Amino acid sequence: MTSTPFQKLLQICIALSAERDREALLSQILDTAIDVANSDGGTLYLLENDELHFCRMVTKSFSIRQGGHAAPITLPPVPLRPSHVCARAVLENRLINVPDVHSNEEFDFSGARKYDAMTGYKTRSMLVVPLANDRGELIGVLQLINALTDDGEPTDFPKEIEDLMLALASQAAISLTNMLYSEQITQLLDSLVDALSTAIDARTPYNANHTRNMVKYGTRFLDWLDKSGNSWQFDPDTRRSFLLSVWLHDVGKLVVPLEVMDKASRLGSNLQEVEHRFSIMALLSENALLRGEINQEEYDRRIAEQESALSFIREINSAGFLSDERLARVEEIAKMRFVARNGEETPWLTEAEHTLLSIRKGTLSAEERSVMESHVVVTARILEQVSFPKRYAQVPAWASAHHELLNGRGYPDHRTAESIPPEVRLLTVLDIFDALTAFDRPYKPGMPAEKALSILQNMVQEGNLDANIVSLFIESRAWEESK
């Protein structure tokens, strides 16, 4: 059953609205216009900086197709002068129907006539339609050449097709504008990400490196999934949502105090207080010796004991992990007392210093760790204020859940496996891997990739991480530069 012109236009409008590839859309606009008008060819111009730039050119009878992924168009842009028919359509925002270019004296058709003389082509009729979007903004021109009879002979463009072509041009302009808006939103998100990354970089370069590394690993992993034909695939929107989540996952660290985020040792600045106290203890022992309150042997014993304790404190202050034996030694030192100048017994370590030196793993106290962990809550709070497009609506939830573990031992919400999507599980693997292997952290040394992978596998056994995702990540070798 043959479609009516209206049905055909409706089908075309649906097709144009559904197209998401800009290059394909531009080609489809011209091809559709040529088909609907039953013409031999045409040109699509886009308006930029008060000039009409050649975008697509088609001549069916000569099998010519230029622009886009086809042969490039090297013709100079057309200035907006009323003598050019395509420019007049823009300047006056109206459709122009020229039955015969060779007898028309209103417009400058010298270019068409030269083309005909050189190639043997016979340009007869033109239908020029401005592309105006729903806001009345002109964005280009459709210029169709040579309407054809049923026998394939050049003829005039019929009047009855003009309204149809105006409707098609309007839909084409709206589709192009919507795509432009989508691109602008994408650019806005990219600029937002760049700005936030720059802000994080200004505070802690190592943390910005961490995010960039994760983006590299994530991109390579997704590319590998694509090439390997794995059943787990990311469509373009999901891929972009995931990578945006990676870029933004640590944005909450903008509000974490630097003395916590960059804390390289257990005591931090408190080490100076400890060293000062031990200097006072040494001076008090020396005074006691000079006053005859203790003998040389007792003095030597005290100094040796204090120096040994201070050396041990300095050693464990930046150690990655403390054994039971070392923690027991901390307890011994914490019980030691000296007599201060006021005659009162004073501990070698304050209660706060004792607590800090008793941290088994890492450099943060429970209170400091709580402050650090709050960055995911702040990340969620910041990102929830951003009006993400619907297709990126998952970004805030994914970005702020990267410390959740499958067995509920993560934070901040202690979510369990059934509520953690695969994208977040992957983000968590990337985060942990780079944290383990990073060599620029002020508070810990980096480790070789293979050792980090072994830790990931141990975390799978403990129920923390997704076994399949860890296995795929290891198989992908995404942390390695492409050969």
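Before going further, it helps to spend a moment on the overall build of the protein chain. Per the secondary structure count, the protein chain includes 18 helices and ten strands. For 483 residues, the compact-globule formula gives about 23 Å, and the C-alpha radius of gyration of the protein chain, at 36 Å, lies well above that figure. Dimensions of the protein chain, computed from the C-alpha atoms along their principal axes, are close to 125 × 45 × 40 Å. For the protein chain, buried positions account for 46% of its 483 residues. In the protein chain, of all internal contacts separated by at least 6 residues, the share reaching a separation of at least 24 is 63%.

Here we come to the confidence of the model for the protein chain. With 94% of its residues at a pLDDT of 70 or more, the protein chain has an overall mean of 89. Across the protein chain, element-level confidence peaks in helix α18 (residues 467–476) with a mean pLDDT of 97 and bottoms out in helix α1 (residues 5–18) with 57.

With that out of the way, let us pick up the environment of Arg-301. Summarising the element assignment, Arg-301 is placed in helix α10 (residues 296–317). As a C-alpha pair, Arg-301 and Asp-100 span 201 residues in sequence and 114 Å in three-dimensional space.

Enumeration according to the criterion identifies 13 aromatic pairs in this entry. Ring geometry for Phe-62 and Tyr-121: centres 5.3 Å apart, planes at 75°, overall edge-to-face. One end of the pair, Phe-62, is in the loop between β2 (51–59) and β3 (64–66); the other, Tyr-121, is in the loop between α4 (110–119) and β6 (126–132), and 59 residues separate them in sequence. Residue classification places Phe-62 among the partly exposed positions, given a relative accessible area of 34%. Between Tyr-217 and Phe-433 the ring centres are 5.7 Å apart and the planes differ by 75°, which places this aromatic pair in the edge-to-face class. Taken together, the positions of Tyr-217 in helix α6 (residues 205–228) and Phe-433 in helix α16 (residues 422–437) put the pair 216 residues apart, joining distant regions of the chain. Judged on exposure class, the residue Tyr-217 and its partner Phe-433 are both buried.

Once that is clear, we can look at the pairing of β2. When strand β1 (residues 39–48) meets β2, the two strands line up antiparallel, connected through eight bridges. Bridge pairing in β2 places Thr-43 opposite Met-57. Taken together, β1 and the strand that follows it, β2, pair antiparallel across an intervening segment of two residues, in which Asn-49 is found at a positive phi of about 55°. Bridging between β2 and β3 involves three bridges; their strand directions are antiparallel. Considered in β3, the bridge of Thr-59 is made with Ile-64.

What follows concerns helix α11 (residues 324–335). Taking 1.5 Å as the rise per residue, α11 with twelve residues should run 16 Å; its terminal C-alpha atoms sit 17 Å apart, in good agreement. Of the residues making up α11, those classed as buried are Leu-327, Val-330, Ile-333 and Ala-334. Seen along its axis, α11 keeps its buried residues to an arc of 115°; they face one direction. For α11, the exposed residues lying more than 90 degrees away from the buried face are Asp-324, Glu-325 and Lys-335. Structurally, α11 contributes buried residues whose contacts are with α10, β9 (337–339), β10 (345–347) and α12 (351–357).

The residue after Tyr-411, namely Pro-412, is reached through a cis peptide bond having omega 10°. Inspection of the secondary structure assignment puts Pro-412 in the loop between α15 (395–399) and α16. One non-glycine residue, His-414, lies in positive phi territory at about 50°. Note that His-414 resides in the loop between α15 and α16.

Moving on to the nonpolar core. Formed by 38 residues in total, the largest nonpolar core has its most connected members in Phe-221, Phe-242, Leu-426, Leu-456, Leu-465 and Phe-473. Elements supplying a minimum of two residues to this core: α6, α7 (236–248), α16, α17 (449–461) and α18. Of the residues forming this core, the biggest block, eight residues, is contributed by α16. For Phe-242, the residues in contact, after removing those within four places along its chain, are Gly-218, Leu-222, Phe-234, Trp-398, Glu-423, Leu-426, Leu-427 and Leu-430. Counting residues in each nonpolar core, the second largest holds 30 residues, with Leu-46, Cys-55, Leu-131 and Ile-161 among its members.

The next point concerns the environment of Asn-146. Tracing the backbone through its elements, the reader meets Asn-146 in strand β7 (residues 138–148). Owing to a relative accessible area of 1%, Asn-146 belongs among the buried residues under this scheme. It is 5.3 Å that separates the C-alpha atoms of Asn-146 and Ser-39, two residues lying 107 residues apart in sequence. Once residues within four sequence positions are removed from consideration, Asn-146 is found in contact with Asn-38, Ser-39, Asp-40, Tyr-121, Lys-122, Thr-123, Arg-124, Ser-125, Pro-154 and Phe-157. A distance of 2.8 Å separates a polar side-chain atom of Asn-146 from the backbone oxygen of Lys-122.

The rules behind the values
- Residues numbered from 1 in each chain as written.
- Predicted model: local features only at pLDDT ≥ 70, side-chain atom pairs only at ≥ 80, totals over all residues.
- Heavy atoms only, no water.
- Helix = DSSP H or I, 4+ residues; strand = E, 2+ residues; numbered from the N terminus.
- Rg over C-alpha atoms; globule rule 2.2 N^0.38 Å.
- Buried < 20%, exposed > 50% of the residue type's maximum accessible area, 1.4 Å probe, protein only.
- Contact = heavy atoms within 4.5 Å.
- pLDDT = per-residue confidence, 0-100.
- Phe/Tyr/Trp six-rings, centres within 6.5 Å; stacked < 30°, edge-to-face > 60°.
- Pairing = 2+ DSSP bridges.
- Expected span 1.5 Å × (residues − 1).
- Arc of directions from axis to C-beta.
- Core = buried A, V, L, I, M, F, W, Y, C linked by side-chain atoms within 4.5 Å.
- Polar contact = N/O pair within 3.5 Å; in protein donor to acceptor, adjacent residues only side chain to side chain.

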